[in-house]
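Architecture at a glance
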Amino acid sequence: MNVPAGPRNANPHRPFFHYLSNVIKRIIFGIVMASSWFFIIYLGPFMLILTVLAIQVSCFREILNVGYNCNRVPPSLPFFRSLCCYFLVAANYFLSIETIAPHFDDIYKNYPHLEIVIKYNRFISFCIYFIGIVLFVVNLVRKHDLQQFKILAWTHTLLIIIVLQSYLVIANMFNGIIWLILPSSLVIVNDIFAYMFGRLWGRTALIQLSPRKTWEGFVGGIVGTFLLGYLLSNYMCQYQYLVCPVEYYQTGGGIKMMSECTLGYLFTPTTYSLGVVSINFYPFTYHFFWMALFASVVAPFGGFCASGFKRAFKMKHFAEVIPGHGGITDRFDCQFLMATFVNVYIFTFVGNPSVGVIFDKVLGLDEGRQVEFYYLLKDMLQDSYLLNSTDVS
């Protein structure tokens, strides 16, 4: 007796076409995202900050929804979701002033009321935060208090993992846009090469949390990140717009960005002779090496962690915002970890405090130490012939 074929046998090529459709979607929307990213870079630091904040809010919302679903928070607590957003706003208020305001100190000092707000930012932020705690306690419902405390802990974890690290991205940018776009580009390049090598030659499983990740893709991602990343870093080092610290000044027509600067040692090409061959080498490449190493060896584990998180909650994606890619969090799960590394790296090995920051530190000294600092600086400038003795009375 002939048994009619089921739906799976009716079209044996369906899995292939389904896979091909997903690949095409990933490529198309990958190109759209890359084009949008280049356009945002062209628009300048202000749009980069807004983009980072938009990504932050989207990631916070996506993962908070996971917490609500897995903890079965009833819809009868509508205000509680608003309270989570309140903590998000409070954290952004505190971190935005702590991170961004120091770079506008010459501007906001012309506005006394704004200067007071910034001066007492930590106390004001603490008051705002503690109001949220009071509201949380007042709105506890005996029947659902366990879920409420779980979501409170969930929210604070997101404030650290998502919100705090997003401001590290912004802080990196003020050292030069290259410190934002190169690390993020290295993560993207690593993801692309790991995907390509894994699909073409992947045979050996890398980690149980993500069975599709292979050693072949992992190694291919490392090679591709270093090769293409090196070309990108050398290309970016040629443009002052990308390497100069982001500084703003006030003019009669408003606030403008400083478009030029005196290039530091890192971005001044040095010529090395290898026999008959001469190579122009940017000292910044030393720092690129460590960023590429982290982006290709350590940062992927942020993606593995996200994969394990989704597997634990039986999800394929955090959301379905980007066709073929999933949610915003699916695309930026490694970026926040990378930004944290770059921020710590800059602070430890590269960081050069601004003139305003140094001046504020000097103002914090007693009068005797201020005079001592003055004479030390004067003697150093005269010895370096940057200041004539006749210029100082």
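Residues numbered from 1 in each chain as written. Predicted model: local features only at pLDDT ≥ 70, side-chain atom pairs only at ≥ 80, totals over all residues. Heavy atoms only, no water.

**Comments concerning a nonpolar patch on the surface**
For the record, the criterion: Residues qualify for a patch when their relative accessible area is over 30% and they have no salt bridge, like charges being joined within 9 Å and the nonpolar side chains of Val, Leu, Ile, Met, Phe, Trp and Tyr within 5 Å. Calculation of accessible area relied on Shrake-Rupley with a 1.4 Å probe; when residues are assessed, cover is drawn exclusively from the protein chains displayed. A pair is scored as a salt bridge if a Lys or Arg side-chain nitrogen falls within 4 Å of a carboxyl oxygen belonging to Asp or Glu. A run of DSSP states H or I qualifies as a helix once it reaches four residues; a run of E qualifies as a strand once it reaches two. Both are numbered from the N-terminal end.
Taken together, Tyr265, Tyr272, Leu274, Val276, Val277, Ile279 and Tyr286 make up a surface patch of nonpolar side chains, about 790 Å² in accessible area. Elements supplying a minimum of two residues to the nonpolar patch: strand S5 (270-274) and strand S6 (277-281). By the element assignment, Tyr286 lies in helix H12 (residues 284-298).

**Observations concerning the packing of aromatic side chains**
Centre-to-centre distance and the angle between the planes together describe a pair of aromatic rings. Stated precisely, the cut-off is as follows: Two rings from Phe, Tyr or Trp (for Trp, the six-membered ring) form a pair when their centres sit within 6.5 Å of each other. Planes less than 30 degrees apart are called stacked, planes more than 60 degrees apart edge-to-face, and all others tilted. A positively charged side chain is recorded as over a ring if its NZ (Lys) or CZ (Arg) lies within 6 Å of the ring centre. The angle to the ring normal must also be within 35 degrees.
According to the stated counting rule, one finds 26 aromatic pairs in the structure shown. With a centroid separation of 6.1 Å and an interplanar angle of 80 degrees, the aromatic rings of Tyr86 and Phe87 are classed as edge-to-face. The side chain of Arg81 reaches across the aromatic face of Tyr68, ending 4.1 Å from its centre.

**Comments concerning the state of the cysteines**
Test applied: Disulfides are defined as cysteine sulfur pairs within 2.5 Å. Residue burial is assigned from relative accessible area. The probe radius is 1.4 Å, only protein chains are included, and a residue is buried under 20% of its type maximum, exposed over 50%, and partly exposed in between.
As enumerated under the stated definition, the model contains one disulfide in all. Here Cys244 engages in a disulfide with Cys261; their sulfurs sit 2.0 Å apart. Judged by the sign of its S-S torsion, about -80 degrees, the cystine formed by Cys244 and Cys261 is left-handed. With a gap of 17 residues between them, Cys244 in the loop between helix H11 (240-243) and strand S3 (248-251) and Cys261 in the loop between strand S4 (254-257) and S5 connect regions that are remote in the sequence. By relative accessible area, which is 3% here, Cys244 ends up buried.

**Points about a positive patch on the surface**
This is how the line gets drawn: For the purpose of counting charges, residues Lys and Arg are taken to be positive, whereas Asp and Glu are taken to be negative. His and the chain ends are not included. Working definition for charges: the position is that of NZ of Lys, CZ of Arg, CG of Asp or CD of Glu.
A contiguous patch of positive charge, built from Arg199, Arg212, Arg311 and Lys316, is present on the exposed surface. Note that Lys316 resides in the loop between helix H13 (300-312) and helix H14 (328-332). Accessibility expressed as a relative area gives 63% for Lys316, which makes it exposed.

**So, unusual backbone geometry**
Look at Lys314: it is not a glycine, yet its phi comes out positive at around 55 degrees. Within the fold, Lys314 resides in the loop between H13 and H14. By relative accessible area, Lys314 is classed as exposed at 77%.

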